[in-house]
Amino acid sequence: MVMGQKVLMKGNEAIAEAAVRAGCRFYAGYPITPQNEIPEYMSWRQYEAGGQFVQAESELAAINMVYGAGGAGTRAMTSSSSPGISLKQEGMSYLAGAEVPAVIVNMVRCGPGLGGIQPAQSDYFQATRGGGHGDYHMLVLAGESVQEMVDLTCLAFDKADEYRNPVLLLGDAILGQIMEPVTLPDPVDTAGLPDKPWATTGTGGLRRRNVINSLDLRPESLERHNLKLKAKYDRMASSEQRHAGYRIDDATLVLVAYGSTARICRRAVDLARREGIAAGLLRPISLWPFPAEAFEAAVPRAGAFLAVEMSLGQMVEDVRLAVQFRRPVYFYGRTGGVVPTPAEVLVQIRETAGACGASTAPAASGAARGGGLVK
Amino acid sequence: MKQVFARPRALSPGATHYCPGCTYGIVHRLIAEALDDLAITGRAVGVASVGCTVLAYDYFECDFQQAAHGRAPAVATGIKRTRPDAVVFTLQGDGDLAAIGTAEIIHAAARGENITVFFLNNTIYGMTGGQMAPTTLLGQRSTTSQAGREPGRAGRPIRVSEMLATLDGPAYIERVAVDTPAHAAKVRRAIHRALELQLAGAGFTLVEVLSACPTNWGLTPGEALDRIGREVISYYPLGVYRDSSAASPAGADAPGGISQ
Ligand SMILES: Cc1ncc(C[n+]2csc(CCOP(=O)(O)OP(=O)(O)O)c2C)c(N)n1
């Protein structure tokens, strides 16, 4: 591949290649659809890059291999899809507690249980609310295109090291499987990455031992550690909010959607504009921290917000928290692997616009198929 | 004057949290002596597991990672693959290794990961207060087998060394015991052998150490050592279950590491 050249790549493979270029030299994973192209790609590409690939015996083993490699100072990654990510939650809690950088990719599929292999966004709570046990947070990044997932993969490795914290990349079955043109980043020189003086590289007889650990049986001491982590999460919350807007500057109805759903909503916004409805889209890119500041700018202009998700209503809770009852917040969602169409979203836009300003008609009762319109 | 006894340099000063009569301290000392003798403390990375060895990172002068329950072989895999020059060892109890971590130990062994596992088999869950382990002997009382382990309700104990020795991956597996000075000398030799094989890149090595848990066995320290010789060894025979120098298929093809 010529550097800087545009290439056509499948989302999963592009993420894997971006990870290698970002300096990832250890990958462990376990097969699960719809992310199999990531381990398949890594199985040869890591060795080509001088790294290591392990097909683990389970997602539990994979995340703990990443804990070992990340703790030893190597940029390390694992990936999976929803059921496998559930198994990784204990490990993610340990990574956060022991402050081990790592990148985890979740190509979300529909649940609960074994669910299906079609796209969904129903792991939002798990991703943004901790998922594993204990007080902790991860940076959660969600792109809407293969290019953006590539860019966020590189960002994820940098932020994981910067904060010594796991970073979760949230995609879905669409973003994993779609092929799009991408420009890949130039490879980083791993030797030039910042030192990790805390890593378990062996003391060399030159320093005191380094310990990667999350255990502390002394309450005051563990509280101090947790408060130190909290200060880090506060820094992340103020510095790492990311979002994008589409036709939002004069929008009175603001759609809120992330990932693949945001692309569908953009089309719906265009259709609504043609009908004279001043719709726009606010697209969170960081799901944790949620881009609440962007809502401060949007609230004064907006008559209402409409959250659209491939779930029964998860991100909408963060929208409500950001809007703080200053405007009505509506929700439309499809679930089970059903992907909403622009025409369906347009129906919701019309009803919401009618309910909140463009007309004085009362809110339509949740008429839509599937999720329905719920205030 | 000739000094005849000293704390190994690889062993941290200070007391451990182990109960009176627990034999884990002996094993720690023997590991530390081997690190000294082979001059590898500066290259060593230990992995502490969940169980009574959870605080092992406080007891050795080398780098350490604490692992989730059962996952130490996976953590060790991640360390060794990315730090091939490190000497990586785990310390695991029998609940950790033979119950919740069964998948991880079998697959690390099958892959022939070039790591060393120190498997402390005290036939019980020590840290959580004496529940039945996969290794608990038939008839042995525990807090979850109060009338003695009964096979109709709780199955039969697992012989880990024998089971892992059926795999082609491991380079070296030996079961030893710490109940007598003569046996302890064999523990020392087994620890050296395992670490030397790792240094030679031979692949997966495991030393199972039959250990005493007087507290949860409800015995005095002396009685507990006697029990190892009287009951435990007869179900878990001592000996070398695999050694790659004895024409085993393992060895030459152990996974390498990251190039850096
Ligand atoms: C996921 C998980 N399950 C259970 C525990 C509780 N736990 C802590 S130590 C332990 C038993 C350890 O027993 P063993 O491995 O035999 O080691 P020993 O304490 O005897 O050395 C258990 C079950 C835990 N910490 N994590």
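Residues numbered from 1 in each chain as written. Chains lettered and ligands numbered in written order. Predicted model: local features only at pLDDT ≥ 70, side-chain atom pairs only at ≥ 80, totals over all residues. Heavy atoms only, no water.

### Focus: the sheet that holds strand β5 (residues 172-177) of chain B
Strand order in the open sheet formed by eight strands is β9(A)-β2(B)-β1(B)-β3(B)-β4(B)-β6(B)-β5(B)-β7(B), with mixed pairing between adjacent strands. Bordering the open sheet on either side are β9 (211-212) of chain A together with β7 (239-243) of chain B, each of which pairs with just one other strand. Of the pairings in the sheet, the one linking strand β4 (residues 116-121) of chain B to strand β6 (residues 205-210) of chain B comprises six bridges and is parallel in character. If you follow Phe118(B) over to β6(B), its bridge partner there is Val207(B). Where helix α2 (residues 72-82) of chain B meets the sheet, it contacts β1 (44-48), β2 (63-66) and β3 (87-93) of chain B, and its direction lies at approximately 175° from that of β3(B). (Pairing = 2+ DSSP bridges. Helix = DSSP H or I, 4+ residues; strand = E, 2+ residues; numbered from the N terminus. Contact = heavy atoms within 4.5 Å. Axes fitted to C-alpha atoms, helices over the stretch in contact; angles between N-to-C directions.)

### Side note on the side chain of Gln140(B)
Along the polypeptide, Gln140(B) turns up in the loop between β4 and α5 (151-154). With residues near it in sequence (within four places) discarded, Gln140(B) still touches Thr123(B), Ile124(B), Ser145(B), Gly148(B), Arg149(B), Trp217(B) and Arg227(B).

### Here we look at the site of the ligand
Taken together, 17 residues sit near the ligand, with Tyr24(B), Cys52(B), Gly95(B), Asp96(B) and Gly126(B) positioned nearest. Two or more chains meet at the ligand, and those chains are chains A and B. Contacts to the ligand include Ile124(B), whose backbone N or O atom sits 3.1 Å from an oxygen atom. For the ligand, whose free accessible area comes to 590 Å², the fraction covered by protein is 75%. Among the elements that line the shell around the ligand, the one with the most residues is helix α3 (residues 94-100) of chain B, at four residues. (Near = heavy atom within 4 Å. Polar contact = N/O pair within 3.5 Å; in protein donor to acceptor, adjacent residues only side chain to side chain. Areas by Shrake-Rupley, 256 points an atom, 1.4 Å probe, with all protein chains shown as cover.)

### Some remarks on the domain arrangement of chain A
Where interface size is quoted, it is often the accessible area lost as the parts come together. All names here are of chain A. Per the domain assignment, the segments making up chain A are domain 1 (6-239) and domain 2 (245-356). Its C-alpha centre places domain 1 at a distance of 29 Å from the equivalent point of domain 2. On the side of domain 2, 28 residues touch domain 1, which itself brings 32 residues to the contact. Both sides of the domain 1 and domain 2 interface together cover about 2500 Å² of buried area, and 52% of this is carbon and sulfur. For the domain 1 face of the interface with domain 2, the top three residues by lost area are Gln 121, Tyr 124 and Glu 144, together amounting to 33%. The residue Glu 144 makes a salt bridge to Arg 283 at a minimum N-O spacing of 3.5 Å. There are 18 residue pairs in polar contact (both at pLDDT 80 or more) connecting domain 1 and domain 2. (Domains from an automatic or database assignment. Buried area = accessible area lost by both parts, 1.4 Å probe. Salt bridge = Lys/Arg side-chain N within 4 Å of Asp/Glu carboxyl O.)

### Some remarks on unusual backbone geometry
Residues and elements named next belong to chain A. Note that the residue after Gly 111, namely Pro 112, is joined by a cis bond; omega there is 0°. Inspection of the secondary structure puts Pro 112 in the loop between β5 (102-108) and α6 (124-128). The omega torsion across Trp 288 and Pro 289 is -5°, close enough to zero to call that bond cis. Locating Pro 289 in the fold gives a position in the loop between β13 (286-288) and α11 (292-298). Of note in this structure, Glu 99 is not a glycine but carries a positive phi near 55°. Looking at where Glu 99 falls in the secondary structure, it is placed in the loop between α5 (89-97) and β5. You can call Glu 99 buried: its relative accessible area is 10%. Of note, the phi angle at Arg 247 is positive, near 50°, even though the residue is not glycine. Its place among the elements puts Arg 247 in the loop between β10 (243-246) and β11 (253-256). (Buried < 20%, exposed > 50% of the residue type's maximum accessible area, 1.4 Å probe, protein only.)

### Thoughts on the layout of surface pockets
All names here are of chain A. Here the second largest pocket defines a volume of roughly 360 Å³. Forming the boundary of the second largest pocket are 18 residues, of which Ser 93, Gly 97, His 133, Ser 214 and Leu 222 lie nearest the centre. Residue assignment for the lining of the second largest pocket shows that the elements contributing at least two residues are α5 and α9 (219-239). Class assignment for the residues of the lining of the second largest pocket results in eight nonpolar, eight polar and two charged. (1 Å grid on protein atoms, 1.4 Å probe; cavity = no way out; pocket = protein on both sides within 12 Å on 5 of 7 lines; lining within 4 Å. Points joined across faces, edges and corners; volume = space filled by probe spheres on them. Nonpolar A, V, L, I, M, F, W, Y, C, P; charged D, E, K, R; others polar.)

### Details of the confidence of the model for chain A
For chain A, the average pLDDT comes to 94, and 94% of its residues sit at 70 or higher. Low confidence marks residues 359-375 of chain A, where pLDDT is under 50. Its contacts with residues over four positions away, or in another chain, come to 42 contacts. (pLDDT = per-residue confidence, 0-100.)

### Some details on the interface of chain A and chain B
Every contact between the two is made by 38 residues of chain A and, on the other side, 38 residues of chain B. Buried surface at the junction of chain A and chain B, both sides included, amounts to about 2800 Å², of which 52% is carbon and sulfur. Contact with chain B buries surface across chain A, with Gln52(A), Glu57(A) and Arg209(A) losing the most and accounting together for 22% of the total. Connecting chain A to chain B are four salt bridges. When the shortest N-O distance is used, the salt bridge between Glu57(A) and Arg111(B) registers 2.9 Å. Applying the counting rule to chain A against chain B returns 22 residue pairs in polar contact (both at pLDDT 80 or more). Among the elements of the structure, β3 (52-55), α3 (59-71), α5 and β9 of chain A are those that each provide at least two residues to the side of chain A that touches chain B. In terms of residue count, the dominant contributor to the side of chain A that touches chain B is α3(A) (eight residues). Here the residues of the side of chain A that touches chain B sort into 15 nonpolar, 17 polar and six charged. Of the pairings in the sheet, the one linking β9(A) to β2(B) comprises two bridges and is parallel in character.

### Some points on the packing of helix α1 (residues 11-21) of chain A against helix α7 (residues 146-163) of chain A
All names here are of chain A. Where α1 meets α7, the axes come as close as 9 Å, and the angle between the chain directions of the two elements is 30°. Between α1 and α7, the angle falls in the class roughly parallel. Here α1 runs over α7; the crossing is right-handed. Taking contact as the criterion, the partners of Gly 11, Ala 14, Ile 15, Ala 18 and Ala 19 in α1 are, on α7, Val 146, Met 149, Val 150, Thr 153, Cys 154 and Phe 157. When grouped by side-chain class, the residues that make up the contact of α1 with α7 number nine nonpolar, two polar and no charged. (Parallel < 35°, antiparallel > 145°, perpendicular 65-115°, else oblique. Left-handed = near helix turned anticlockwise from the far one by under 90°.)

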